[in-house]
Amino acid sequence: MEGPHHIWGTWWLIGRGPSIAVTRVRLHALAIVSFLAGEWSRYVWGWRAAGLVAASLAVPVLAWSAWRRALRPMFVMAASLASGILVGAAWAAWQPARPSAPPGARDVIAGQVQSVKVIHRRSEIVLAVRREGEDAHPCHYQALVFVERGARIDAGEWVEADGTFVASDRAPTAMDILSPLYLFDGRVRVLDRPQRFGQRVTAYMAARMEDVAPAGEREAILVALSMVFGNTPGSLPQGVSSDFLAAGVTHLLVASGSNVGFALDLAAIPWQTLFGRACTRRRRLVYGVYALCAVWGFALLCGFQLAIFRAACGATYSIAAGMCGRRVHGYTVLWSSAWMAGVLDPADLLAPSMLMSLYASFAVCEAHALWHRIGFGRWVGREKARTSPFERARRMAASLARAFIAAAIIDAYMVPVLWWLFRQWTPYGALSTAVLEPAVEVLMPLIVLWSFMASLVHAWPWPPIAWCAEAMSRVGGAAMSAVLDFVHFVASWHGSLRSLAPLSFAGACALVLVLVAVAHVRVPQRRG
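Residue positions are counted from 1 within each chain, in the order its sequence is given. Local features are withheld for residues below a pLDDT of 70 in this predicted model, meaning they are given only at 70 or higher, and side-chain atom pairs are given and counted only at 80 or more; totals for whole chains, interfaces and linings count all residues. The basis for every side-chain value is the complete set of non-hydrogen atoms in the structure, without hydrogens or water.

(A) Geometry of the side chain of serine 357. You can see serine 357 is positioned in helix α12 (residues 352–374). For serine 357, a relative accessible area of 9% translates into the label buried. Whenever two N or O atoms come within 3.5 Å, that pair is a polar contact, provided that in protein one can donate a hydrogen and the other can accept it, and provided that, for residues adjacent in sequence, both atoms are side-chain atoms. Within the structure, the side chain of serine 357 is placed 2.7 Å from the side chain of arginine 310, a separation counted as a polar contact. Beyond its immediate chain neighbours, meaning those up to four positions away, serine 357 contacts Ala307 and Arg310. Only runs of H or I of at least four residues qualify as helices and only runs of E of at least two qualify as strands under DSSP, and these elements are numbered from the N terminus. Type-normalised accessible area, obtained with a 1.4 Å probe on protein chains alone, sets the label of each residue: buried when under 20%, exposed when over 50%, and partly exposed for intermediate values. Whether two residues are in contact is decided by their heavy atoms, any of which lying within 4.5 Å being enough.

See the structure below:
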């Protein structure tokens, strides 16, 4: 996968040792891993943890450098690690990632509710804390708030909790270390906080789409908007979320990299219509600025959800490379998006949703690389050169086979992580994904056109526009009803959602390494 343009032109020689070529992809990955490890450990856990992480990284890199007699990886690791620790210290001074009050001391915290679980007469609220103390100084961590049952509190609301932090009496797990969850016991009151810009826009779209849709289409409208802009906490009925979970297609309700790509494709239509392709240097620069505005504008509409935020960072790196007239490797984009997300928001770097986003993107890269490594990509290329009806049918069948195989590979890669994080497995996820993802790609332009026509007819109630909006609503509602029926059908199958025994972090890592090793086994290529 690493061509000649990924090789540094410098060869390091020490004594009589062998010459070592350092690839840009590997050096790039080493620099980013070192930076993020230093930044995150210093920001979340302090100087002692940063020193421990630095030693843990330095020992294998120094040993490898001595064995290979290569100095550049050692210098890159040291510089990146030091830079990451300094950036983490700056973040810790401005926006702490830990409570400032010790356990048992009274404190006031405020943030957005992520989830609510009612157990007997008490409620457990997962709170993304953004303000702490009487002075409401900024902070960034998550707390599990225990409160007596009172007024109803829903996910997505902003609340203020008054009470004390509680020391945990159980041994920390790997997830407790990667993404700490602090325990808090007290009283909660709901804050009157205005909605974000993206929430107001999507709420307006939903209202206008309901105006032109037949009665009883609210559920389909909410699912349609979630497929484009992501699912904010508490916006979908519990039954719909449960069906998508059991069918293994929850990722369709969460805006991700595919949605950012769709926003870019949509933004490219008026540009290419007016200006054509960006061939010259000046046009590339102007189009790059235009594309960056489209990407971050879409991220704003989505409320900067973590998956969208990471995908926007990766798109920014790809667009910047295009402005310079360069093409970048998929893995390079993935590492770069992780680095940019870590610099801009280190507290959520190892949050479960961010981990899932990064790992899912890695699984997509692995699936595409495995497809071309086995040789299917060349076979599909030969099929595209033929134009007979029979060959077109074979080409379509090859595309469907590729979608199913890619979905199966990605689903296999996701099993260890889902097992470790949620102790769940959806055996029909690959089938549901292979069927629904192409359908959703076709539905996205329809959903956007549906919402646009509904908003237009509200502003300008001209009969032809109203007829078009009603027709769009009927087609869109029927399509979304078909999607919901299919998801419910798969979710009703026996064993669609299986609960698994707990899996340790070491076991999950071992399974991932086995999958990577199997995927990278050299397969003999046929000749002729």
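(B) Geometry of the pairing of strand β4 (residues 158–166). A pair of strands counts as paired when DSSP detects no fewer than two bridges linking them. Two strands pair when backbone bridges link them, and strand β1 (residues 106–119) and β4 are joined in this way by 7 bridges, in the antiparallel orientation. Bridge pairing in β4 places alanine 110 opposite glutamate 160. Pairing geometry for β4 and strand β5 (residues 181–190), over 8 bridges, is antiparallel. Of the residues in β5, the one forming a bridge with threonine 164 is aspartate 185.

(C) The arrangement of the packing of aromatic side chains in detail. Aromatic pairing here means that ring centres of Phe, Tyr or Trp (its six-membered ring) are within 6.5 Å. Orientation follows from the plane angle: under 30 degrees is stacked, over 60 is edge-to-face, and everything else is tilted. Under the criterion given, the structure shown has 19 aromatic pairs. Summarising the aromatic geometry, the rings of phenylalanine 165 and phenylalanine 184 are spaced 4.9 Å apart at their centres and angled 80 degrees between planes, so their arrangement reads as edge-to-face. Remark: phenylalanine 184 occurs in strand β5 and phenylalanine 165 occurs in strand β4; sequence separation between them is 19 residues. Of the two residues, phenylalanine 165 and phenylalanine 184, neither departs from the other in class, the shared state being buried. Judged by centre distance (6.2 Å) and plane angle (65 degrees), the rings of tryptophan 296 and phenylalanine 309 are edge-to-face. With tryptophan 296 in helix α9 (residues 281–301) and phenylalanine 309 in helix α10 (residues 306–323), this residue pair connects regions lying 13 residues apart in the sequence.

(D) Structural view of unusual backbone geometry. Residues other than glycine seldom take positive phi values, yet phenylalanine 304 does so here, at roughly 55 degrees. One can find phenylalanine 304 in the loop between α9 and α10. With relative accessibility at 38%, the residue phenylalanine 304 sits in the partly exposed group. Its identity is not glycine, yet arginine 423 carries a phi of approximately 55 degrees, on the positive side.

(E) Quick look at the sheet that holds β5. The sheet built from 5 strands closes into a barrel, its strands ordered β1-β2-β3-β5-β4 with mixed pairing. Here the average twist between neighbouring strands, direction ignored, is 50 degrees. In this analysis an axis means a line fitted to C-alpha atoms, helices contributing only their contacting stretch, and an angle means the value between N-to-C directions, from 0 to 180 degrees.

(F) Spotlight on the pairing of strand β3 (residues 137–148). One ladder, built from 10 bridges, connects strand β2 (residues 122–132) with β3; its direction is antiparallel. Bridge assignment links leucine 127 to a residue of β3, and that residue is alanine 143. Pairing of β3 with β5, which is carried by 5 bridges, proceeds in the parallel orientation. Bridge pairing in β5 places glutamine 142 opposite leucine 181.

(G) Structural view of the environment of alanine 367. Within the secondary structure, alanine 367 is located in helix α12. Relative accessible area serves as the criterion here: at 3%, alanine 367 is assigned to the buried category. For the pair alanine 367 and alanine 407, spaced 40 residues apart in sequence, the C-alpha to C-alpha distance is 8.2 Å.

(H) Focus on helix α7 (residues 238–247). Taken together, the buried positions of α7 are Val240, Phe244, Ala246 and Ala247. Down the axis of α7, the smallest arc covering the buried residues is 165 degrees, so these residues share one side. On its buried side, α7 packs onto α6 (218–229), α15 (429–459) and α16 (463–491). Glycine 248 occupies a position one or two residues after α7 and carries a positive phi of about 80 degrees. This arc describes the spread of directions from the helix axis toward the C-beta atoms.

(I) Local environment of the nonpolar core. In these notes, a set of buried Ala, Val, Leu, Ile, Met, Phe, Trp, Tyr and Cys residues joined through side-chain atoms within 4.5 Å is what counts as a nonpolar core. In this structure, Val223, Phe244, Phe298 and Met480 are the most contacted members of the largest nonpolar core, which totals 55 residues. Among the elements of the structure, α5 (197–212), α6, α7, α8 (257–275), α9, α10, α15 and α16 are those that each provide at least two residues to this core. Broken down by element, the residue count for this core peaks at 10 residues, all from α15. If we ignore the near neighbours within four places in the chain, the residues touching phenylalanine 298 are Val228, Phe229, Asn259, Val260, Ala263 and Ile308. Grouped together as the second largest cluster of nonpolar side chains are 28 residues, Leu306, Met340, Met354 and Leu358 included.

(J) Quick peek at the pattern of salt bridges. Salt-bridge detection follows one rule: a side-chain nitrogen of Lys or Arg within 4 Å of a carboxyl oxygen of Asp or Glu. Counting across every chain of the model gives 7 salt bridges. Here arginine 106 makes a salt bridge to aspartate 162, at a shortest N to O gap of 2.9 Å. You can see arginine 106 sitting in strand β1 and its partner aspartate 162 sitting in strand β4, a full 56 residues away along the chain. What makes arginine 106 exposed here is its relative accessible area of 51%. A salt bridge links glutamate 160 to arginine 189, with the shortest nitrogen-to-oxygen separation between them at 3.0 Å. Of this pair, glutamate 160 sits in strand β4 while arginine 189 sits in strand β5, and the two are 29 residues apart along the sequence. With a relative accessible area of 25%, glutamate 160 lands in the partly exposed category. Here arginine 189 falls in the partly exposed class, since its relative accessible area comes to 47%. When salt bridges that share partners are traced, they join Arg106, Glu134 and Asp162 into one network.

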